[in-house]
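Summary of structural features
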Amino acid sequence: MKSTDPQQPEWFCLRCQTKREHIAAGHLRELEGVEVFCPRLRYRKATRRGKIWWVEPMFPGYLLAKFNMGEMERAVTFCQGIRGLVRFGSEIPPVPEAFVEAIKHEILNRKGAEHDELVTLSPVIQIGDEVEVAFGPLQGMQGTVVSVPSATERVKILIEFLGNPQAVDMDLFSILLPRRPAP
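Overview of the structure. (Residues numbered from 1 in each chain as written. Predicted model: local features only at pLDDT ≥ 70, side-chain atom pairs only at ≥ 80, totals over all residues. Heavy atoms only, no water.)

What follows is about helix 2 (residues 69–77). Quick reminder: α-helices carry 3.6 residues per turn. Residues three or four places apart thus point the same way. Buried within helix 2 we find Met-69, Met-72 and Val-76. One side of helix 2 holds all its buried residues, which, seen down the axis, span an arc of 95 degrees. Looking at helix 2, the residues exposed on the side facing more than 90 degrees away from the buried face are Gly-70, Glu-71 and Arg-74. N-capping of helix 2 is provided by Asn-68, with a side-chain oxygen placed 2.9 Å from the backbone N of Gly-70. (Buried < 20%, exposed > 50% of the residue type's maximum accessible area, 1.4 Å probe, protein only. Helix = DSSP H or I, 4+ residues; strand = E, 2+ residues; numbered from the N terminus. Arc of directions from axis to C-beta. Polar contact = N/O pair within 3.5 Å; in protein donor to acceptor, adjacent residues only side chain to side chain.)

Further remarks concern the pattern of salt bridges. All told, the structure shown has four salt bridges when counted by the stated rule. Note that Glu-117 is salt-bridged to Arg-29, the shortest N-O span being 2.8 Å. Residue Glu-117 is located in the loop between strand 7 (113–115) and strand 8 (118–120), and its partner Arg-29 is located in helix 1 (residues 21–29); the two are separated by 88 residues in the primary sequence. Classification of Glu-117 as buried rests on a relative accessible area of 12%. The partner of Lys-66 in a salt bridge is Glu-97, with the nearest N and O atoms 3.1 Å apart. A residue pair is termed long-range when its members are at least 10 positions apart, and Lys-66 in strand 5 (residues 62–67) and Glu-97 in helix 3 (residues 97–109) qualify at 31 residues. Using a relative accessible area of 18% as the deciding quantity, one classes Lys-66 as buried. (Salt bridge = Lys/Arg side-chain N within 4 Å of Asp/Glu carboxyl O.)

To continue, consider the side chain of Glu-117. In terms of polar contacts, Glu-117 uses its side chain to reach the backbone amide nitrogen of Cys-38, at 3.0 Å. Apart from residues lying up to four places away in sequence, Glu-117 is in contact with Arg-29, Val-36, Phe-37, Cys-38, Pro-39 and Arg-40. (Contact = heavy atoms within 4.5 Å.)

We now examine the sheet that holds strand 13 (residues 175–176). In spatial order, the strands read 12-11-10-9-13; together these five strands make up an open sheet with antiparallel pairing. Sheet topology places strand 12 (164–171) and strand 13 at the edges, where each strand pairs with a single neighbour. Where strand 11 (residues 154–161) meets strand 12, eight bridges bridge the pair, whose relative direction is antiparallel. Among the inter-strand pairings, Phe-161 is bridged to a residue of strand 12, identified as Asn-164. (Pairing = 2+ DSSP bridges.)

Right under this line is the structure:
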(Lines give C-alpha, C1' and ligand atoms only; values in the text may rest on other atoms or scores of the structure.)
Protein backbone atom coordinates (compact mmCIF):
# COMPACT_ATOMS: atom_id res chain seq x y z
CA MET A 1 0.00 0.00 0.00
CA LYS A 2 1.66 3.21 -1.19
CA SER A 3 1.14 6.54 0.47
CA THR A 4 -0.59 9.17 -1.63
CA ASP A 5 1.48 11.99 -0.08
CA PRO A 6 5.26 11.38 -0.16
CA GLN A 7 5.78 14.17 2.40
CA GLN A 8 3.50 12.46 4.95
CA PRO A 9 5.33 10.63 7.78
CA GLU A 10 4.54 6.91 7.97
CA TRP A 11 5.34 4.06 10.31
CA PHE A 12 8.06 1.63 9.21
CA CYS A 13 9.52 -1.50 10.77
CA LEU A 14 13.26 -1.32 11.48
CA ARG A 15 15.66 -4.17 12.19
CA CYS A 16 17.88 -3.58 15.21
CA GLN A 17 20.77 -5.25 16.94
CA THR A 18 19.34 -8.05 19.05
CA LYS A 19 18.89 -7.21 22.75
CA ARG A 20 19.70 -3.56 21.98
CA GLU A 21 16.28 -2.44 20.74
CA HIS A 22 15.79 0.07 23.56
CA ILE A 23 19.24 1.59 22.88
CA ALA A 24 18.48 1.98 19.17
CA ALA A 25 15.10 3.51 20.10
CA GLY A 26 16.85 6.04 22.34
CA HIS A 27 19.18 7.11 19.52
CA LEU A 28 16.27 7.41 17.09
CA ARG A 29 14.37 9.60 19.56
CA GLU A 30 17.23 12.10 19.35
CA LEU A 31 16.44 12.66 15.66
CA GLU A 32 13.96 15.47 14.99
CA GLY A 33 10.93 14.31 13.02
CA VAL A 34 11.12 10.66 14.13
CA GLU A 35 8.55 9.06 16.44
CA VAL A 36 9.57 5.68 17.91
CA PHE A 37 7.52 2.82 19.34
CA CYS A 38 9.44 -0.01 20.99
CA PRO A 39 7.13 -1.84 23.43
CA ARG A 40 8.76 -4.00 26.12
CA LEU A 41 7.50 -6.70 28.50
CA ARG A 42 8.51 -6.83 32.17
CA TYR A 43 8.00 -9.97 34.24
CA ARG A 44 9.39 -11.86 37.24
CA LYS A 45 11.52 -14.87 36.50
CA ALA A 46 12.98 -17.48 38.83
CA THR A 47 16.74 -17.92 38.46
CA ARG A 48 19.53 -19.46 40.50
CA ARG A 49 20.05 -16.06 42.12
CA GLY A 50 16.39 -15.94 43.09
CA LYS A 51 13.46 -14.06 41.57
CA ILE A 52 14.46 -11.17 39.33
CA TRP A 53 12.63 -8.74 37.07
CA TRP A 54 13.25 -9.45 33.40
CA VAL A 55 12.63 -6.93 30.62
CA GLU A 56 12.60 -7.88 26.95
CA PRO A 57 11.18 -6.38 23.76
CA MET A 58 7.74 -7.36 22.53
CA PHE A 59 9.23 -7.67 19.03
CA PRO A 60 12.82 -8.97 19.50
CA GLY A 61 15.16 -7.50 16.90
CA TYR A 62 12.65 -4.92 15.64
CA LEU A 63 11.09 -1.58 16.47
CA LEU A 64 8.64 0.78 14.78
CA ALA A 65 9.44 4.33 13.74
CA LYS A 66 7.32 7.02 12.13
CA PHE A 67 9.16 9.37 9.82
CA ASN A 68 9.16 10.95 6.37
CA MET A 69 10.93 8.40 4.17
CA GLY A 70 12.11 10.96 1.60
CA GLU A 71 13.76 13.22 4.17
CA MET A 72 14.86 10.88 6.96
CA GLU A 73 15.67 7.46 5.42
CA ARG A 74 19.44 7.95 5.48
CA ALA A 75 19.55 9.42 9.02
CA VAL A 76 17.33 6.61 10.37
CA THR A 77 19.16 3.81 8.54
CA PHE A 78 22.57 4.92 9.79
CA CYS A 79 21.45 5.59 13.36
CA GLN A 80 23.39 3.64 16.00
CA GLY A 81 21.87 0.20 16.68
CA ILE A 82 19.80 0.09 13.47
CA ARG A 83 20.57 -2.67 10.97
CA GLY A 84 18.18 -1.43 8.31
CA LEU A 85 14.61 -1.08 7.23
CA VAL A 86 12.46 -4.18 6.79
CA ARG A 87 11.99 -4.63 3.07
CA PHE A 88 10.50 -7.14 0.70
CA GLY A 89 12.71 -7.15 -2.37
CA SER A 90 13.15 -3.51 -3.25
CA GLU A 91 9.91 -2.41 -1.57
CA ILE A 92 9.84 -0.92 1.95
CA PRO A 93 6.21 -1.30 3.05
CA PRO A 94 4.80 1.11 5.62
CA VAL A 95 3.15 -0.30 8.73
CA PRO A 96 -0.52 0.73 8.89
CA GLU A 97 -1.15 3.54 11.37
CA ALA A 98 -4.22 1.67 12.68
CA PHE A 99 -2.04 -1.33 13.61
CA VAL A 100 0.41 0.79 15.63
CA GLU A 101 -2.40 2.71 17.32
CA ALA A 102 -4.19 -0.57 18.21
CA ILE A 103 -1.05 -1.91 19.90
CA LYS A 104 -0.51 1.38 21.74
CA HIS A 105 -4.14 1.35 22.86
CA GLU A 106 -3.85 -2.24 24.16
CA ILE A 107 -0.67 -1.43 26.07
CA LEU A 108 -1.98 1.78 27.63
CA ASN A 109 -5.26 0.14 28.70
CA ARG A 110 -3.62 -2.99 30.08
CA LYS A 111 -3.43 -3.39 33.82
CA GLY A 112 0.24 -3.18 34.73
CA ALA A 113 1.25 -0.71 32.00
CA GLU A 114 3.68 1.64 33.70
CA HIS A 115 4.19 4.03 30.80
CA ASP A 116 3.79 4.14 27.03
CA GLU A 117 6.03 1.17 26.20
CA LEU A 118 6.51 -1.03 29.28
CA VAL A 119 3.96 -3.67 30.26
CA THR A 120 4.36 -5.63 33.49
CA LEU A 121 3.08 -9.18 33.13
CA SER A 122 1.79 -11.06 36.16
CA PRO A 123 1.17 -14.79 36.31
CA VAL A 124 -2.50 -15.74 36.33
CA ILE A 125 -3.36 -18.80 38.36
CA GLN A 126 -6.74 -20.02 39.56
CA ILE A 127 -8.04 -22.60 41.99
CA GLY A 128 -8.43 -25.89 40.14
CA ASP A 129 -5.54 -25.32 37.70
CA GLU A 130 -3.37 -28.35 37.01
CA VAL A 131 0.30 -27.44 37.54
CA GLU A 132 3.69 -29.13 37.59
CA VAL A 133 6.51 -28.44 40.06
CA ALA A 134 9.42 -26.99 38.03
CA PHE A 135 12.27 -27.39 40.52
CA GLY A 136 13.05 -28.35 44.07
CA PRO A 137 12.65 -31.69 45.87
CA LEU A 138 9.18 -32.25 44.34
CA GLN A 139 10.30 -31.46 40.76
CA GLY A 140 8.19 -33.16 38.11
CA MET A 141 5.23 -33.87 40.39
CA GLN A 142 1.82 -32.66 39.28
CA GLY A 143 -0.91 -31.25 41.40
CA THR A 144 -4.04 -29.14 41.57
CA VAL A 145 -4.15 -25.57 42.92
CA VAL A 146 -6.34 -25.46 46.02
CA SER A 147 -5.52 -22.00 47.37
CA VAL A 148 -4.07 -18.74 46.05
CA PRO A 149 -3.49 -16.29 48.92
CA SER A 150 -3.89 -12.69 47.77
CA ALA A 151 -0.87 -10.36 47.63
CA THR A 152 1.66 -13.18 48.03
CA GLU A 153 3.80 -15.11 45.63
CA ARG A 154 2.78 -18.42 47.18
CA VAL A 155 0.25 -21.03 46.14
CA LYS A 156 -1.08 -24.16 47.83
CA ILE A 157 -1.28 -27.25 45.61
CA LEU A 158 -2.63 -30.72 46.27
CA ILE A 159 -0.08 -33.40 45.33
CA GLU A 160 -0.46 -37.18 45.46
CA PHE A 161 2.45 -38.29 47.66
CA LEU A 162 2.96 -41.84 48.96
CA GLY A 163 -0.63 -42.72 48.04
CA ASN A 164 -2.19 -39.81 49.96
CA PRO A 165 -3.13 -36.33 48.76
CA GLN A 166 -0.97 -33.70 50.49
CA ALA A 167 -1.49 -29.93 50.48
CA VAL A 168 1.88 -28.28 49.83
CA ASP A 169 2.65 -24.58 50.06
CA MET A 170 4.83 -23.61 47.06
CA ASP A 171 6.52 -20.54 45.66
CA LEU A 172 4.55 -19.34 42.62
CA PHE A 173 7.78 -19.19 40.59
CA SER A 174 8.68 -22.82 41.27
CA ILE A 175 5.70 -24.22 39.35
CA LEU A 176 4.85 -24.39 35.65
CA LEU A 177 1.62 -22.52 35.05
CA PRO A 178 -1.08 -23.88 32.75
CA ARG A 179 -1.30 -22.48 29.23
CA ARG A 180 -4.39 -20.41 28.58
CA PRO A 181 -5.79 -19.29 25.26
CA ALA A 182 -5.45 -15.58 24.60
CA PRO A 183 -8.59 -13.59 25.52
